[in-house]
Amino acid sequence: MKAIPANSVGIVKPQLFHFDEPLTLRSGRVIEKYDLMVETYGTLNADASNAILVCHALSGDHHAAGYYDPENPKEKPGWWDCCIGPGKPFDTNHFFVVSLNNLGGCAGSTGPSSMNPDTGKPFGPDFPIVTVRDWVNSQARLADRLGIQQWAAVIGGSLGGMQVMRWAISYPDRLRHALVIAAAPKLSAQNIAFNEVARQSIMSDPDFHEGRYYDFNTYPGKGVMLARMVGHITYLSDALMRDKFGKDARAGNFGRDLRAGKLSFGFDTDFQVQSYLQYKGESFSRNFDANTYLLVTKTLDYFDPTVDYDGELSKAFANSQCKFLVISFSSDWRFSPERSREIVEALLKAEKPVSYLEIEADEGHDAFLLPVPRYMQALNAYMSRVADECGRNPNAG
Amino acid sequence: MRADLKIIESWIEPGSRVLDLGCGDGLLLAHLKETLHIRECGLEIDQEHIQQCLEKGVSVIEQDMDKGLPNFQDNSFDTVVLAQTLQALHRPDLIVDEMLRVGKRCILTFPNFAYWRHRFYLMTGGRMPKSPHIPYEWYDTPNLHHCTIADFDELCRQKNITVLDRTVVDDARRTSMLMNLNPNFFGVNAIYHISR
């Protein structure tokens, strides 16, 4: 047995939920049946008022906290373990936390790598493009299934934050608090450009086979690796990279540490940042489906909650009834503080209650996943009020 | 409850929308939420104060008002409050303009530099006045633009600002007959209720 920290949710087990009711997508296409892979932490209270939904970002999944294997000492916990657990901001002593793998994903929910019942083969490129709105519609059905009429809070960072905004717009009476972290009202041309490089990397891999690589028993791993490498750069900040790859004082603070202590005068991997990116890209490509990566970058590109509201975000929020907490990080250049301030401005214009924090952090976009002290304190304070509202668990410490 | 907050409270309509610039730990807004069920919004740059607002459940936005309020709509608040901060801003006149643009009515409080003790301090000692509510040295004070009640009255005249009400209070935030007789001489703190 490995030692599991006392403030961990411990060993967890995902559950598969099957849905038979067809889901009409924004594109007009219909998914007849689908599965959602879900994890929950904590206990739903008697009046189902203490449920919070955690929405994952581009490469996330349902495994947000805890561990699977009690024996494996090397296993890393879920992707938001710093926030979910007893005594943590999303305190499982008080909240029932729900996390799911979104439709189109590759971690157990129905997606491009799932079997298409019509053909007996994986969907591949035939899987429809799903939008944030479609995801939120599927999440609402999951809430129905779990007996949750209204979330105490819906929470997410990056693409997760976009789902939170969509909840506040599409289901105004089904959440009391919206926590929108490191997000943007919609992608800019620069954001879309990075996604396009990622897609071209995957689609130009000779093993891609127009997305039908499953049928050829191949996998466009090189393409996914390149896609992830370019994505990964946008998640970090210049300052963080200088720090991370600049341990050698002789190289100054430029992060130019060498791998072998000298230049190769060839096209080998000279600098540590090169091998780091290659390693990150390579290990990601082994665990993520290429078609899902393509799909989710499109989901990001298409996100625009203002389409039905004359391009005005404040009009989109007009019917929202929840309170908002918007958080950005100083060194995030993928979705910079400026983008979060646009969300805040729209909420102010719509006369909605909103709090906004700009957290000083060097970790870039990835900071939203990390236990930055001020960020954790703020989430703690805010969620503690939310816990008070739903009636704290009297038996909890 | 502080007497100056009581005066501010008496000028605010129940259920109205209130913006507090430099809201500190959220004390005023939390109180007004409880008593008058206002819809609150605080502006603050101090991290500790922002944390205290979150703990109180007061909506707070991290923003530097010295850069203006461009993200706030005209007439979007019933009342905009600026308490004990006017003198610490880079351009107090511009923030007054912004307050009157965003709010239908505004409430301002500031220490009156022409209070007789300050005058006495400067006249006899020949040094910049210090007192319990202006405890700083001239070189480390956050107060960039001290003004007097007469100065602020003049600003209101120049900008055609309507003074709906004005009260002066002492350090204990009480008012007295003497202060009302000659506010600019006996008043320690001024509280203005203004509109365009």
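The structure presented is a predicted model; accordingly, all values stated were derived computationally and were not measured.

### Here we look at the interface of chain A and chain B
Facing 20 residues of chain A, the contacting portion of chain B comprises 21 residues. In total, chain A and chain B occlude about 1700 Å² of area from one another, counting both sides; carbon and sulfur atoms represent 49% of this. Together, Leu348(A), Glu351(A) and Arg374(A) form the three largest contributors to the area buried by chain A at its contact with chain B, with a combined 32%. Our enumeration of links across chain A and chain B arrives at three salt bridges. Taken together, chain A and chain B are joined by eight residue pairs in polar contact (both at pLDDT 80 or more). The set of elements that each furnish at least two residues to the side of chain A that touches chain B consists of β13 (323–329), α9 (337–349), β14 (354–359) and α10 (373–389) of chain A. A per-element tally of the side of chain A that touches chain B places α10(A) first, with six residues.

### With respect to empty space enclosed by the protein
Residue and element names in this part refer to chain A. Taken as a whole, this structure holds three cavities of 30 Å³ or more when the rule is applied. Of the volumes computed, that of the largest cavity is approximately 70 Å³. Contributing to the lining of the largest cavity are Arg 26, Thr 131, Val 132, Arg 133, Arg 166, Tyr 302, Phe 303, Asp 304, Pro 305 and Val 307. Here the residues of the lining of the largest cavity are counted per class, giving five nonpolar, one polar and four charged. The space that makes up the second largest cavity amounts to roughly 60 Å³. Of all elements in the fold, only α3 (189–203), α4 (221–235) and α7 (290–302) reach the threshold of two or more residues within the lining of the second largest cavity. Class assignment of the residues belonging to the lining of the second largest cavity gives a composition of seven nonpolar, four polar and one charged.

### Some remarks on the layout of surface pockets
Estimates place the volume of the largest pocket at around 1500 Å³. Ser59(A), Trp79(A), Arg228(A), Lys280(A) and Phe284(A) are, among the 38 residues lining the largest pocket, the residues nearest its centre. Contributions of two or more residues to the lining of the largest pocket are made by α4, α5 (238–244) and α6 (272–287) of chain A. No other element matches the seven residues that α6(A) contributes to the lining of the largest pocket. Taken together, the residues that form the lining of the largest pocket break down as 19 nonpolar, ten polar and nine charged. Mapped onto the domain boundaries, the lining of the largest pocket takes at least three residues apiece from domain 1 (15–186 + 303–389) and domain 2 (199–291) of chain A. Of the volumes computed, that of the second largest pocket is approximately 650 Å³. Lining the second largest pocket we find 25 residues, and of these Gly22(B), Cys23(B), Gly24(B), Ala83(B) and Thr85(B) sit closest to its centre. The set of elements that each furnish at least two residues to the lining of the second largest pocket consists of α1 (3–10), α2 (27–36) and β2 (39–44) of chain B.

### Remarks on the packing of α1(B) against α2(B)
For any two helices packed against each other, the geometry is given by the interaxial angle and the distance between the axes. Residues and elements named next belong to chain B. Across the interface, α1 lies against α2 with an axial gap of 11 Å and an inter-helix angle of 50°. Relative to α2, the element α1 lies oblique. For the pair α1 and α2, the crossing hand works out as right-handed. Note on element contacts: α2 touches α1 through Leu 27, Leu 28, His 31, Leu 32, Thr 35 and Leu 36, opposite Leu 5, Ile 8 and Glu 9. Tallied by class, the residues present in the contact of α1 with α2 amount to six nonpolar, two polar and one charged.

### A few points about the domain arrangement of chain A
Residues and elements named next belong to chain A. Each assigned domain of chain A is listed here: domain 1 (15–186 + 303–389) and domain 2 (199–291). Its C-alpha centre places domain 1 at a distance of 28 Å from the equivalent point of domain 2. Counting from both sides, the interface comprises 19 residues of domain 1 and, opposite them, 17 residues of domain 2. For the pairing of domain 1 and domain 2, the buried interface totals around 1600 Å² over both sides, and the portion due to carbon and sulfur atoms is 60%. At the boundary of domain 1 and domain 2, one finds one salt bridge. Measuring nitrogen to oxygen at the nearest pair gives 3.0 Å for the salt bridge that ties Asp 126 to Arg 212. If you look at where domain 1 meets domain 2, you find eight residue pairs in polar contact (both at pLDDT 80 or more).

### A look at the packing of α3(A) against α4(A)
Residues and elements named next belong to chain A. Packing of α3 against α4 leaves a shortest axis separation of 7 Å and a crossing angle of 165°. By the angle class used here, α3 and α4 are roughly antiparallel. Along this stretch, α3 crosses α4, giving a crossing that reads as right-handed. Touching Phe 194, Val 197, Ala 198, Ser 201 and Ile 202 of α3 are Gly 223, Val 224, Leu 226, Ala 227, Val 230 and Thr 234, all from α4.

### Overview of the packing of aromatic side chains
Residue and element names in this part refer to chain A. Scanning the entire structure with this criterion turns up 24 aromatic pairs over all chains. On the basis of an interplanar angle of 10° and a centroid distance of 5.1 Å, the ring pair of Phe 19 and Tyr 34 is categorised as stacked. With a gap of 15 residues between them, Phe 19 in strand β1 (residues 15–19) and Tyr 34 in strand β4 (residues 34–41) connect regions that are remote in the sequence. The exposure class assigned to Tyr 34 is buried, which follows from its relative accessible area of 1%. Consider the rings of Phe 123 and Phe 127, whose centres lie 5.3 Å apart with planes at 85°: the pair is edge-to-face. Phe 127 shares its class with Phe 123; the two are buried. Among the aromatic residues, ring-to-ring pairing joins Trp 79, Trp 80, Phe 90 and Phe 368 into one connected group.

### Concerning a nonpolar patch on the surface
A contiguous nonpolar patch, built from Leu122(B), Met128(B), Trp138(B) and Tyr139(B) and spanning about 510 Å² of accessible area, is present on the exposed surface. Note on placement: Met128(B) falls in the loop between α5 (116–125) and α6 (149–158).

### Quick look at the environment of Tyr309(A)
Looking at where Tyr309(A) falls in the secondary structure, it is placed in the loop between α7 and α8 (313–316). In contact with Tyr309(A), other than residues within four places in its own chain, are Ile169(A), Lys315(A) and Ala316(A).

### Thoughts on the environment of Ala64(A)
All names here are of chain A. In this structure, Ala 64 sits in the loop between β5 (51–55) and β6 (84–85). Expressed as a C-alpha distance, the spacing of Ala 64 and Met 162, which sit 98 residues apart in the sequence, is 18 Å. Residue contacts for Ala 64: discarding those within four places in its chain leaves Glu 39, Tyr 41, Gly 78, Trp 79, Trp 80, Asp 81, Ile 84 and Ser 99.

Rules behind the numbers
- Residues numbered from 1 in each chain as written.
- Chains lettered and ligands numbered in written order.
- Predicted model: local features only at pLDDT ≥ 70, side-chain atom pairs only at ≥ 80, totals over all residues.
- Heavy atoms only, no water.
- Contact = heavy atoms within 4.5 Å.
- Buried area = accessible area lost by both parts, 1.4 Å probe.
- Salt bridge = Lys/Arg side-chain N within 4 Å of Asp/Glu carboxyl O.
- Polar contact = N/O pair within 3.5 Å; in protein donor to acceptor, adjacent residues only side chain to side chain.
- Helix = DSSP H or I, 4+ residues; strand = E, 2+ residues; numbered from the N terminus.
- 1 Å grid on protein atoms, 1.4 Å probe; cavity = no way out; pocket = protein on both sides within 12 Å on 5 of 7 lines; lining within 4 Å.
- Points joined across faces, edges and corners; volume = space filled by probe spheres on them.
- Nonpolar A, V, L, I, M, F, W, Y, C, P; charged D, E, K, R; others polar.
- Domains from an automatic or database assignment.
- Axes fitted to C-alpha atoms, helices over the stretch in contact; angles between N-to-C directions.
- Parallel < 35°, antiparallel > 145°, perpendicular 65-115°, else oblique.
- Left-handed = near helix turned anticlockwise from the far one by under 90°.
- Phe/Tyr/Trp six-rings, centres within 6.5 Å; stacked < 30°, edge-to-face > 60°.
- Buried < 20%, exposed > 50% of the residue type's maximum accessible area, 1.4 Å probe, protein only.
- Patch = residues over 30% accessible without salt bridge, like charges linked within 9 Å, V, L, I, M, F, W, Y side chains within 5 Å.
- Areas by Shrake-Rupley, 256 points an atom, 1.4 Å probe, with all protein chains shown as cover.

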